[in-house]
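Chain residues, written in single-letter form:
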Amino acid sequence: MKRIMTIAAATLMASPALAATGPFFSLGNTDFVVTIGFIVFIGVLLYFKVPTMILGMLDKRADGIRSELDEAKALREEAQALLASYERRQREVQEQADRIIAHAKEEAVVAGEQARADLEKSISRRLAAAEDQIASAQAGAVKEVRDRAIAVAIKAARDVVAKQMTAKDAAKSIDDSIAEVAQKLH
């Protein structure tokens, strides 16, 4: 256990700050070696034009993003124009539907008034026809009553005349009638 503790303590004490010893410009100094490695790395990157490639890739990426943004903007404008077109069409269709409904209401009112007028005409025609039938029936009844009364009166007169008239009176009545007719004809 003591041994593990000693190793752990040695590991904790050996830090990079303690590794850099001696003059700075010597290969034994790790800071100097790391600085030279960094400068060589930067030189290799510059020699192979890596920053230019990275900038070119970033420019391509920026151009791609810009073109996608322009395309998205164009699509958005197209969508807004399409939406405005559909909204305009919806308003036109709504206005047309409102006009159709108003026209249908007007036609319904006119048809109702026409139906009412036709009904009134029909009722007045039927009333007139009923009144004509009643008048005709009444005239027929009056004529029938008159005819019946005349028939009864004639029969009664015939009976009375037949009982009271003799053959001589009958001959005289016939002669008077013939004379009257002859007088009226000439």
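Below, the structure is looked at part by part. (Residues numbered from 1 in each chain as written. Predicted model: local features only at pLDDT ≥ 70, side-chain atom pairs only at ≥ 80, totals over all residues. Heavy atoms only, no water.)

Points about the overall build of the protein
What counts, and what does not: The numbering of helices and of strands both runs from the N terminus, where a helix is a DSSP run of H or I of at least 4 residues and a strand a run of E of at least 2. Buried means the residue's accessible area, taken with a 1.4 Å probe over protein chains only, is under 20% of the maximum for its type, while exposed means over 50%, and partly exposed covers the values in between. Only the protein chains shown count as cover for residues, with accessible areas throughout obtained via the Shrake-Rupley method and a probe of 1.4 Å.
Along the protein, the regular secondary structure elements total five helices and zero strands. Reading the protein from its N terminus to its C terminus gives the helix and strand order α-α-α-α-α. A burial count over the protein gives 3% of its 186 residues as buried. Here the protein has roughly 16900 Å² of accessible surface; of this, 65% comes from carbon and sulfur atoms.

Digging into the packing of aromatic side chains
This is how the line gets drawn: Each pair of aromatic rings taken from Phe, Tyr and Trp, with Trp reduced to its six-membered ring, is defined by centres within 6.5 Å and is described as stacked if the planes are under 30 degrees apart, edge-to-face if over 60, and tilted in the remaining cases.
This model, assessed by the stated rule, comprises one aromatic pair. When the ring of Tyr 47 is compared with that of Phe 48, the centres are 5.1 Å apart and the planes differ by 80 degrees; the resulting orientation is edge-to-face. Take Tyr 47: its relative accessible area is 63%, and that puts it in the exposed class.

Description of a nonpolar patch on the surface
Under the convention used in this document: Patch definition: residues above 30% relative accessible area lacking any salt bridge, with like charges linked at up to 9 Å and the nonpolar side chains Val, Leu, Ile, Met, Phe, Trp and Tyr linked at up to 5 Å. Just to be clear on terms, a salt bridge is a Lys or Arg side-chain nitrogen sitting within 4 Å of an Asp or Glu carboxyl oxygen.
Residues Leu 27, Val 33, Ile 36, Val 40, Val 44, Tyr 47 and Phe 48 make up a contiguous nonpolar surface patch of roughly 730 Å² in combined accessible area. Position of Tyr 47 among the secondary structure elements: in helix H3 (residues 30-47).

A look at the pattern of salt bridges
One pass over the full model with this rule turns up two salt bridges. Across the pair Asp 63 and Arg 66 runs a salt bridge, and its minimum N-O distance is 2.8 Å. Taken together, the residues span about one helical turn, with Asp 63 and Arg 66 both in helix H4 (residues 50-164) at a distance of three residues. Assessed through its relative accessible area of 48%, Arg 66 is described here as partly exposed. Here Lys 143 ties to Asp 147 by a salt bridge, and the two come within 3.4 Å at their closest N and O atoms. You can see Lys 143 and its partner Asp 147 sitting in helix H4, four residues apart, about one turn around the helix.

Some points on H4
Rules: Helix span, as expected, comes to 1.5 Å for every residue beyond the first. Throughout, a contact is declared for two residues whenever any of their heavy atoms are within 4.5 Å.
For H4, spanning 115 residues, the distance from its first C-alpha to its last is 164 Å, which sits close to the expected 171 Å at 1.5 Å a residue. Among the residues of H4, Val 50, Ser 85 and Ser 122 are the ones counted as buried. Buried-residue contacts for H4 involve H3.

Thoughts on unusual backbone geometry
Positive phi, close to 55 degrees, is recorded for Lys 49, a residue that is not glycine. Structurally, Lys 49 is set in the loop between H3 and H4. The exposure class assigned to Lys 49 is exposed, which follows from its relative accessible area of 54%.

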